[in-house]
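# Understanding the architecture of this molecule
Spelled out from the first residue to the last, the chains are:
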Amino acid sequence: MLFRPSIRCRQPQSGPILFSPRFIISSSKTLYLPIRNYATPRECKSKPRVPLQRSQAASVALNPPSTTHPPPLSLPEKLPDLPRYKNYFRVGKAYGVFYKTGLKAIWTNYKLARALPNHIFSSGQAKVHQAVRHGLLSRADFQLIRRTRRDINKVPLFALIWLICGGFTPLIVIFFTGAVPRTIWIPKQVQKAREEAERRRSKSRKESVFLFAGPPRRSDIESMPDEPQRNALKSYAQSLGLYPAWWDRWIPTLVPTSLIKRRVYRRLGELEVDDFAIERDGGAGKMAGEEVRMACEERGIDILRKEERNLRMDLERWMERGEERDKNADEKIRYSIGTGK
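You'll find the protein chain entered in an unreviewed UniProt entry as Letm1 RBD domain-containing protein, with Letharia lupina given as the organism.

What follows is the structure in structure tokens.
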């Protein structure tokens, strides 16, 4: 439970406090200031400690703050009467406001994450997962910690890009989406990243003999022979976007399989905890639309050209597949309405 810090006012001692007479010298006379007496202390305006009650509403527990998403980008319309350079200046100013707002959002998220109980933000992944399962953190808190850590690690590289490219940054960051914090992704970046992810997933499904809409449990991977296991790890890592696209030609030939396995297992652990938190805090039906899309993305489910209602159904089927309640959930997700095939 969080507490507001109390402010203690130091009470001045009673009794006269004498000041030596001061004077102001003017052109004609000397003006003496009166002696001031503070015999009565000022009233203390400190407030008692009031515990902050954290809301347990389903929408609050499921959905992290809106600052974890990119702010809206409002580009000015091109005015034919203005010179071209002035129109470019207005567009650049709008992008500057967008990036400034997104970077401020990272700082806001950092302060919110640091305010969580038991200094959980500075703890390791295992302790965070344990706190979620024990009910100390909601799904919103869990996602806030994940996204804040991810964005903070990318700020230095984005700052370097900004220093080098300056006003051309919006044209450059499209090619370096992985190096940019999520809170400052422009709409073109979001669309391009999703199209690239679905293209890689489609390619992975054609090359792999395993037809999963998302990764299986760790025990399923460990039970495979060595060669099929390497192919499966490559397929899952590729479909979930756990490494850059230019790694595709090198995996698993040059990149160690242990590195890919570690990334896949890390994502599996995060998805397992996230599934648990979603079901406990209200279910996929009470999640915000953008949260549903991001949850499907993380699980390797295609989201383009799909309605929000179908995405919620796909997310619920994916969670049922993880609990072995529906063995045909993978095929239902794959051939659900609006896959764009």
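Resuming the write-up.
Across its full length, the protein chain holds 12 helices and 4 strands. Taking all 341 residues of the protein chain together, 39% fall into the buried category. For the protein chain, long-range pairs separated by at least 24 residues make up 66% of all intrachain contacts whose partners lie at least 6 apart in sequence. Surface exposure of the protein chain reaches about 21,300 Å², of which carbon and sulfur atoms provide 58%.

Let us look at the packing of helix 2 (residues 84-114) against helix 4 (residues 139-165). Running from N to C, helix 2 and helix 4 cross one another at 140°; their axes reach a closest spacing of 10 Å. Classified by the angle between their axes, helix 2 and helix 4 sit oblique to one another. As for how helix 2 packs across helix 4, the hand of that crossing is left-handed. Contacts between helix 2 and helix 4 involve Tyr99, Leu103, Ile106, Asn109, Tyr110, Leu112 and Ala113 from the former and Leu144, Thr148, Asp151, Ile152, Val155, Phe158 and Trp162 from the latter.

What follows covers the pattern of salt bridges. A full pass over the atoms with the stated rule returns 23 salt bridges. In this structure, Arg182 and Glu297 form a salt bridge, with 3.8 Å as the shortest nitrogen-oxygen distance. Here Arg182 is found in the loop between helix 5 (169-172) and helix 6 (187-207), whereas its partner Glu297 is found in helix 10 (residues 289-298), with 115 residues between them in sequence. By relative accessible area, which is 18% here, Glu297 ends up buried. Between Arg266 and Glu270 there is a salt bridge whose closest N-O contact spans 3.7 Å.

Further remarks concern the packing of aromatic side chains. Tallied over the full model, the rule gives 6 aromatic pairs. Between the aromatic rings of Phe98 and Tyr99, the centroid separation amounts to 5.5 Å while the plane-to-plane angle is 65°, which identifies the pairing as edge-to-face. Each member of the pair Phe98 and Tyr99 is classed as buried. A connected cluster of aromatic rings, assembled from ring pairs, spans Phe98, Tyr99, Phe158 and Trp162. Across the ring face of Phe276, the terminal group of Arg133 is positioned such that the distance to the ring centre comes to 5.2 Å. Geometry around Trp318 places Arg299 over its ring, the cationic atom sitting 5.5 Å from the centre.

Our focus in this paragraph is the UniProt feature "transmembrane region" (unreviewed entry) in the protein chain. Residues annotated by UniProt as "transmembrane region" (unreviewed entry) correspond here to residues 155-180. The distance from the first to the last C-alpha atom of residues 155-180 is 7 Å, and the span holds 58% helix and 0% strand.

It is worth spelling out the nonpolar core at this point. Ile221, Ala237, Ile260 and Val264 are the most contacted members of the largest nonpolar core, which has 15 residues in total. Secondary-structure elements contributing two or more residues to this core are helix 8 (226-239) and helix 9 (257-281). For Val264, the residues in contact, after removing those within four places along its chain, are Ile221, Leu233, Ala237 and Leu242. Formed by 14 residues, the second largest nonpolar core is a distinct cluster that contains Leu62, Val292, Cys296 and Leu311.

Turning our eyes to something else, we now look at the confidence of the model for the protein chain. Averaged over the protein chain, the pLDDT score is 77; the fraction of residues at 70 or greater is 73%. Low pLDDT, under 50, characterises residues 1-55; the predicted model gives this stretch 51 contacts beyond four residues in sequence or across chains. Predicted confidence for residues 337-341 stays below pLDDT 50, and this span has 12 contacts to residues more than four positions away or in other chains.

Moving on: helix 3 (residues 125-133). Considered for burial, the residues of helix 3 that qualify are Val128, His129, Ala131 and Val132. Along the long axis of helix 3, the arc covered by the buried residues comes to 160°, so they all point the same way. On the buried face of helix 3, the contacting elements are helix 4 and helix 9. Two residues or fewer past helix 3, Gly135 is found with a positive phi of approximately 85°.

With that settled, the discussion passes to helix 4. With 27 residues, helix 4 should cover 39 Å at 1.5 Å per step; its first-to-last C-alpha distance of 37 Å lies within 8% of that length. Remark: the principal bend of helix 4, roughly 40°, maps to Val155, with a proline, Pro156, within the next four residues. Positive phi appears at Gly166, one or two residues downstream of helix 4, with a value of about 60°.

Within the secondary structure, Arg139 is located in helix 4. Exposure remark for Arg139: the relative accessible area of 1% places this residue in the buried category. From its side chain, Arg139 meets the backbone oxygen of Leu62 in a polar contact 3.1 Å long. A distance of 2.9 Å separates a polar atom in the side chain of Arg139 from a polar atom in the side chain of Asp274. The residues touching Arg139, leaving out its near neighbours within four places in the chain, are Ala61, Leu62, Pro64, Asp274, Ala277, Ile278, Arg280, Asp281, Met287, Glu291 and Ala295.

Glancing now at the environment of Phe168. By secondary structure assignment, the location of Phe168 is in the loop between helix 4 and helix 5. Along the primary structure Phe168 and Gly92 are separated by 76 residues, whereas in three dimensions their C-alpha atoms are 8.7 Å apart.

About the criteria used
Residues numbered from 1 in each chain as written. Predicted model: local features only at pLDDT ≥ 70, side-chain atom pairs only at ≥ 80, totals over all residues. Heavy atoms only, no water. Helix = DSSP H or I, 4+ residues; strand = E, 2+ residues; numbered from the N terminus. Buried < 20%, exposed > 50% of the residue type's maximum accessible area, 1.4 Å probe, protein only. Contact = heavy atoms within 4.5 Å. Areas by Shrake-Rupley, 256 points an atom, 1.4 Å probe, with all protein chains shown as cover. Axes fitted to C-alpha atoms, helices over the stretch in contact; angles between N-to-C directions. Parallel < 35°, antiparallel > 145°, perpendicular 65-115°, else oblique. Left-handed = near helix turned anticlockwise from the far one by under 90°. Salt bridge = Lys/Arg side-chain N within 4 Å of Asp/Glu carboxyl O. Phe/Tyr/Trp six-rings, centres within 6.5 Å; stacked < 30°, edge-to-face > 60°. Lys NZ or Arg CZ within 6 Å of the ring centre and 35° of its normal. UniProt positions renumbered as here; feature names shortened; annotations may be inferred. Core = buried A, V, L, I, M, F, W, Y, C linked by side-chain atoms within 4.5 Å. pLDDT = per-residue confidence, 0-100. Arc of directions from axis to C-beta. Expected span 1.5 Å × (residues − 1). Bend = angle between axes of the 7 residues up to and from the residue. Polar contact = N/O pair within 3.5 Å; in protein donor to acceptor, adjacent residues only side chain to side chain.

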